[in-house]
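Remarks on the overall topology
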Amino acid sequence: MRKVKIGIIGCGNISGIYLENLTRTFANTEVFAVSDFSEERMAAAAQQYGVPNQWTAEQILSSEEVELVVNLTTPGEHYRICRLALESGKHVYVEKPLSLSPEEGRGLVELARAKGLLLGGAPDTFLGAGLQTCRKLIDDGYIGQPIAATAFMLGHGHESWHPNPAFYYQAGGGPMFDMGPYYLTALVSLLGPVQTVAGMTAKSFEQRTITSQPRFGEKIDVEVPTHIAGTLRFRSGAIATMITSFDVWSSSLPPIEIYGTLGTLRVPDPNTFGGPISLRPAGASEFSEFPLVHQYADNSRGIGVSDMADCIVNGGVPRANGELTSHVLDIMHAFHSSSDSGQYAELTSSCEQPRPLKTGLIKGYLD
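Residues numbered from 1 in each chain as written. Predicted model: local features only at pLDDT ≥ 70, side-chain atom pairs only at ≥ 80, totals over all residues. Heavy atoms only, no water.

Quick notes on the overall build of the protein
- In terms of regular secondary structure, the protein is built from nine helices and 17 strands.
- Since a compact globule built from 367 residues should have a radius of gyration of about 21 Å, the 20 Å found for the protein is in line with a globular shape.
- When the backbone C-alpha atoms are referred to their principal axes, the protein occupies close to 60 × 50 × 40 Å.
- Looking at the protein as a whole, 55% of its 367 residues are labelled buried.
- For the protein, the proportion of contacts with a sequence separation of at least 24, taken over those separated by at least 6, is 72%.
- If you sum the accessible surface of the protein, you get close to 15,500 Å²; carbon and sulfur atoms cover 51% of it.
- Looking at charge distribution, the protein has the averaged site of its 27 positive side-chain charges lying 4 Å from that of its 38 negative ones. (Helix = DSSP H or I, 4+ residues; strand = E, 2+ residues; numbered from the N terminus. Rg over C-alpha atoms; globule rule 2.2 N^0.38 Å. Buried < 20%, exposed > 50% of the residue type's maximum accessible area, 1.4 Å probe, protein only. Contact = heavy atoms within 4.5 Å. Areas by Shrake-Rupley, 256 points an atom, 1.4 Å probe, with all protein chains shown as cover. Lys, Arg positive; Asp, Glu negative; His and termini not counted. Charge placed at Lys NZ, Arg CZ, Asp CG, Glu CD.)

Structure representation (structure tokens):
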């Protein structure tokens, strides 16, 4: 099996799990070089995961050996690095979000198409055992025709535990842009693309006080909405209700439920790769847990990169592709624009519902 050589740009917190899986879990990927503005952090990553080259971003982009760039920089740098990589003739996989604006996201999709290159991005949690098992249950008719869904991400923000939480309350932050990609990507993977969004937003606290170290006691000015609620109509006709919030102290609501003509499916946390999954067919007195029938129930971030590597070698469209990530970015912005305008937001973008993975519990190559 040919290994696709990868250059990783950005060695921050999220890079560890990517390096772990791309060097040790997936058989078709080889991390050839890493880059970071912190030489200490870059050297530590290279040493821990046996990466042979510590390069600048420019060296990765100009290398004839690197085929695929994995962009793990901060969100404000996503568009710039992705664009430079595509212009350098590299396939690109980027952490969420694809970019900060829908226009930039669509521009990257168009540039990749014009260059004949693959573009994709996180989250790839929908390729894990939990959501793939849910996809099979829906496709196999266990709940009949999906007609509705609910999705809830309710918490009280990052200032009590994150070492540098200010970003989450500034432009590009907020609960929708932080956690929305997981929930929306899961919903699109299960129900298909979205057609219309109706949203309402609120900012319940003008300031937050950091209670984590090392910035304990500092005040954060809140610049973005921190409670976003709304409704989505999918092109399939299904309607979903969604809330993302940094203003809620506690909740017992499930992350995602899908309602069909023949039953209800409780979907696991879309920020994870495993279960549990519960199913309650019409007429049943209670929910019953359903076993996972796919592999990759552990933290398998990078599975989307491996899937892209397979497409580089064998052809095809990656499941976590640019059209999907761009569509999810459009949906997130639509919640805010609908609230601002007081009108429905009609989506101009779309995507294909990602094709499912094959079943199987033996950990190995994707297909």
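Some thoughts on the packing of aromatic side chains
- Enumeration according to the criterion identifies five aromatic pairs in this entry.
- Judged by centre distance (5.7 Å) and plane angle (35°), the ring pair of Phe 26 and Tyr 296 falls under tilted. Residue Phe 26 is found in the loop between helix H1 (15-24) and strand E2 (29-35), and its partner Tyr 296 is found in the loop between strand E16 (288-290) and helix H8 (303-314); the two are separated by 270 residues along the sequence. Judged on exposure class, the residue Phe 26 and its partner Tyr 296 are both buried. (Phe/Tyr/Trp six-rings, centres within 6.5 Å; stacked < 30°, edge-to-face > 60°.)

A closer look at the sheet that holds E16
- The strand order across the open sheet built from nine strands is E16-E15-E14-E13-E7-E12-E11-E8-E17, with neighbouring strands paired in mixed fashion. Every other strand in the sheet has two partners, leaving E16 and strand E17 (345-346) as the edge strands with one partner each.
- Here strand E14 (residues 263-267) pairs with strand E15 (residues 277-281) via four bridges, running antiparallel. Directly across from Thr 264, in E15, lies its bridge partner Arg 280. (Pairing = 2+ DSSP bridges.)

A short note on the pattern of salt bridges
- Applying the stated criterion across every chain, the model contains 18 salt bridges.
- Its salt-bridge partner being Glu 67, residue Arg 2 comes within 2.8 Å of it at the nearest N-O pair. One end of the pair, Arg 2, is in the segment before strand E1 (4-9); the other, Glu 67, is in the loop between helix H3 (57-62) and strand E4 (68-71), with 65 residues separating them in the sequence.
- Given a relative accessible area of 23%, Glu 67 falls into the partly exposed group.
- One salt-bridge network, held together by shared partners, links Glu 103, Arg 106 and Asp 330. (Salt bridge = Lys/Arg side-chain N within 4 Å of Asp/Glu carboxyl O.)

Notes on the packing of helix H6 (residues 129-139) against helix H7 (residues 175-191)
- Relative to each other, H6 and H7 sit at 30°, their axes nearing to 9 Å. In terms of their interaxial angle, H6 and H7 are classed as roughly parallel. Here H6 and H7 pass one another in a crossing that is right-handed. Across the interface between the two elements, Leu 131, Cys 134, Arg 135 and Ile 138 from H6 touch Ala 186, Ser 189 and Leu 190 from H7.
- Residues belonging to the contact of H6 with H7 are distributed by class as follows: five nonpolar, one polar and one charged. (Axes fitted to C-alpha atoms, helices over the stretch in contact; angles between N-to-C directions. Parallel < 35°, antiparallel > 145°, perpendicular 65-115°, else oblique. Left-handed = near helix turned anticlockwise from the far one by under 90°. Nonpolar A, V, L, I, M, F, W, Y, C, P; charged D, E, K, R; others polar.)

Section: the nonpolar core
- One finds Ile 8, Val 34, Leu 232, Ile 258, Leu 265 and Ile 331 to be the most contacted residues of the largest nonpolar core, which totals 83 residues.
- With 11 residues, H7 is the largest single contributor of residues to this core.
- Membership of the second largest hydrophobic core comes to 22 residues, among which are Leu 61, Cys 82, Ala 85 and Leu 86. (Core = buried A, V, L, I, M, F, W, Y, C linked by side-chain atoms within 4.5 Å.)

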